[in-house]
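# Fold and contact review
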Amino acid sequence: MKTNFYFIIFLLLILGCSKPQPRRPINPKASTTIFQDNIETAKKMAQYEDEKILDFIRKDSLKVYQNSSNGFWYTYKNKNVTDTISPKTGDVVEIEYDIRDLNDSIIYSKEELGVKTYRVDKEDFISGIQKGIKLMKIGETITFVIPSYNAFGITGDGNKIEMNKTIKSNVKLINIK
């Protein structure tokens, strides 16, 4: 009986001194897979949105739209051919703008938004318009067609602008300070 007792103690000591085995995840790459799926979904959504914009531009055949390297399209409503000065980073500009959908329905009117004083690239503002302002000269009015990823993103504005909403905005540059 004493022998069995010593044998059990001996086994417990041997088993107790072994190194613990780390637990392994069931699916070691799950987060990577989810991340890749999200990237693919975002690419498909951006492609779909770009197709909608190109279709809109084809239907609006009276205007000539230019594709910006910053991911938006624009056309001049009123072009200033005499001035050469455009806003640059840090300049304070005054603009008047509205926000519409691609059916030209007003989401926010220029009266509702009022004149905006904006420090170029130093304040949070609609990304597409931020970049587009630097193309403008005083007195010009440009219509920007901005995909959601350069506007209000996947969340919208929490008010009138829905998720993943492409917007159109008529922007007039009033002054550069």
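Going by the structure above, here's the rest.
Residues numbered from 1 in each chain as written. Predicted model: local features only at pLDDT ≥ 70, side-chain atom pairs only at ≥ 80, totals over all residues. Heavy atoms only, no water.

Attention shifts here to the packing of aromatic side chains. Enumeration according to the criterion identifies 7 aromatic pairs in this entry. Measuring from centroid to centroid gives 6.1 Å for Phe 72 and Tyr 74, while their planes differ by 50 degrees, and the two rings are tilted. Note on Tyr 74 and Phe 144: the rings are 6.3 Å apart at their centroids and 40 degrees apart in plane angle, and the pair reads as tilted. Of this pair, Tyr 74 sits in strand S2 (residues 73-78) while Phe 144 sits in strand S7 (residues 141-146), and the two are 70 residues apart along the sequence. Ring pairs connect the aromatic residues Phe 72, Tyr 74, Tyr 76 and Phe 144, which therefore count as one cluster. Taking NZ or CZ as reference, Lys 79 lies 4.4 Å from the ring centre of Tyr 76, over its face. (Phe/Tyr/Trp six-rings, centres within 6.5 Å; stacked < 30°, edge-to-face > 60°. Helix = DSSP H or I, 4+ residues; strand = E, 2+ residues; numbered from the N terminus. Lys NZ or Arg CZ within 6 Å of the ring centre and 35° of its normal.)

This next bit is on the pairing of strand S3 (residues 92-97). With respect to burial, S3 is a largely interior element, 5 of its 6 residues being buried. Summarising the sheet, S3 and strand S8 (residues 167-176) pair through 5 bridges and their orientation is antiparallel. Each residue of the ladder has a partner; that of Ile 95, found in S8, is Leu 173. (Buried < 20%, exposed > 50% of the residue type's maximum accessible area, 1.4 Å probe, protein only. Pairing = 2+ DSSP bridges.)

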